Amino acid sequence: MFDSDATTMFKDPVIRFNGFVWKAWICCHIQDENDEWDGMATAYATRRNGKAWNWPDHVLMGRQGTWDARGARVTSVLPHGRVAYDGRRNASENWFEKIGLAVPQADSSALQSISDVPVSIARYL
């Protein structure tokens, strides 16, 4: 469904259908300058015709110097457009992510974290 390439691998999509359009938040593992693949970002795609996905830019990324600096992966879509996401500070926290909450930005598919600290130390909501 989502084809990876030499610099980006896709996994763990969260897909919703609202009766008119398919929406997907897809985890992107992006290869960094050290050939590491543990960094994460979330892309958002839509599909209206049942076949082709429309791909905009990343909508949620890790924030330098914070608990989610190494990545942000949407894991749940909540009411009113909010999302839960998991993130980690560095590569050694892989498999020990924490949960954050993000909200949609006005007139955009971009998401913004609501806090500089995780809302839970659990992995996945």
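Residues numbered from 1 in each chain as written. Predicted model: local features only at pLDDT ≥ 70, side-chain atom pairs only at ≥ 80, totals over all residues. Heavy atoms only, no water.

J.: Explain the overall build of the protein to me, please; I cannot follow it from the model alone.
T.: When you go through the protein residue by residue, the secondary structure sums to zero helices and eight strands. Of the regular secondary structure in the protein, the N- to C-terminal order runs β-β-β-β-β-β-β-β. Dimensions of the protein, computed from the C-alpha atoms along their principal axes, are close to 40 × 35 × 25 Å. Excluding contacts between residues fewer than 6 apart, the proportion of contacts in the protein whose partners are at least 24 apart in sequence is 37%. If you sum the accessible surface of the protein, you get close to 7300 Å²; carbon and sulfur atoms cover 53% of it. (Helix = DSSP H or I, 4+ residues; strand = E, 2+ residues; numbered from the N terminus. Contact = heavy atoms within 4.5 Å. Areas by Shrake-Rupley, 256 points an atom, 1.4 Å probe, with all protein chains shown as cover.)

J.: For this particular structure, what's the right way to read the packing of aromatic side chains?
T.: Pairs of aromatic rings are described using the distance from one ring centre to the other and the angle between the two planes. Under the defined criterion, the tally for this structure stands at three aromatic pairs. Ring centres of Trp-25 and Tyr-44 lie 5.1 Å apart, and the angle between their planes is 50 degrees; on these two criteria the pair is classed as tilted. Note that Trp-25 is positioned in strand β2 (residues 22-30) and Tyr-44 in strand β3 (residues 40-47), a separation of 19 residues in sequence. Comparing Trp-25 with Tyr-44, the two get one shared label, buried. Lying across the ring of Trp-22, Arg-47 places its NZ or CZ 5.6 Å from the centre. (Phe/Tyr/Trp six-rings, centres within 6.5 Å; stacked < 30°, edge-to-face > 60°. Buried < 20%, exposed > 50% of the residue type's maximum accessible area, 1.4 Å probe, protein only. Lys NZ or Arg CZ within 6 Å of the ring centre and 35° of its normal.)

J.: I would appreciate a short explanation of the side chain of Thr-75 in the present structure.
T.: Mapped onto the fold, Thr-75 is located in strand β5 (residues 71-77). Of the residues examined, Thr-75 reaches a relative accessible area of 16% and is grouped as buried. Setting aside anything within four residues of it in sequence, one finds Thr-75 in contact with Val-14, Ala-84, Tyr-85, Asp-86, Tyr-124 and Leu-125.

J.: Can you help me understand the pairing of β5 in this one?
T.: As a general feature of sheets, a regular strand has side chains that alternate between the two faces. Judged by how many residues are buried, β5 sits mostly within the fold: six of seven residues are covered. Pairing between β5 and strand β6 (residues 83-88): six bridges, direction antiparallel. Note on β6: the bridge partner recorded for Arg-73 is Asp-86. Connecting β5 to the antiparallel partner β6 that follows it, the hairpin turn spans five residues, and His-80 within it adopts a positive phi of roughly 65 degrees. (Pairing = 2+ DSSP bridges.)

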